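As a plain string of letters, each chain reads:
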Amino acid sequence: MTQPRQWTIAIGVVMALVFGTALVIKIRPQIDLLGVGSGAPNFHATDLRSGRPTTLADYRGKVVLLNVWATWCKPCIAEMPRITAQRDKLVAAGKRASGASGGAAAAKPAGSARNP
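The notes below deal with the structure included here. Just so it is clear, the model here is predicted, and its values are computed rather than measured.

One pass over the full model with this rule turns up two salt bridges. The closest approach of N and O atoms between R52 and D58, which form a salt bridge, is 3.8 Å. Using a relative accessible area of 42% as the deciding quantity, one classes R52 as partly exposed. Residue class for D58 comes out partly exposed when judged on its relative accessible area of 38%. Across the pair R87 and D88 runs a salt bridge whose closest N-O atoms are separated by 3.0 Å. A relative accessible area of 35% places R87 in the partly exposed class.

Pasting the structure below:
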């Protein structure tokens, strides 16, 4: 192998390491958003009963089941009976349960099939 080719390979390896490290540093905080024992990210919505804005912070110290789903999502539809049963148990125990869905007006992701 010629010396210019060796330098080209060496510079390429160094650049790959530098850019790879920079990418890991940039992406790492986005990968581990939640961990065991960490706080949940804040959530903003409108309470349909009262019409007032509400956040997850309003329920600090309480058990919260928040199910975010979509009408076009087949796994979401399949899990709904179990989520409903769990919600009924929580409500019977005096806990709150909420669901959020974009419904029919929500944008459908590319490649997904909307359920009838």
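Moving on: helix α2 (residues 74-92). An α-helix turns once per 3.6 residues; consequently, residues spaced three or four apart project the same way. Relative to the 27 Å expected for 19 residues at 1.5 Å per residue, α2 spans 28 Å between its end C-alpha atoms, a close match to the ideal helical length. Bending of α2 peaks at approximately 45 degrees at the position of M80, with proline P81 no more than four residues after it. A positive phi of about 85 degrees marks G94, the residue just after α2.

The rules behind each value
- Per-chain numbering applies: the sequence of each chain, read as written, is numbered from 1 onward.
- In keeping with the model being predicted, local features are shown solely for residues with a pLDDT of at least 70 and side-chain atom pairs are shown and tallied solely at 80 or more, while totals for entire chains, interfaces and linings include all residues.
- For the side-chain quantities, the full set of heavy atoms in the structure was used; hydrogens and water were omitted.
- What counts as a salt bridge is simple: a side-chain nitrogen of Lys or Arg found within 4 Å of a carboxyl oxygen of Asp or Glu.
- Summary of the burial criterion: residues with accessible area below 20% of their type's maximum are buried, those above 50% are exposed, and those between are partly exposed, where the area comes from a 1.4 Å probe applied to protein chains only.
- The helix and strand labels rest on DSSP assignments: H or I over at least four residues marks a helix, E over at least two residues marks a strand, and numbering proceeds from the N terminus.
- An expected span of 1.5 Å times one less than the residue number is assigned to each helix.
- Two axes define the bend at a residue: one fitted to the seven residues ending there, one fitted to the seven starting there, and the bend is the angle between them.

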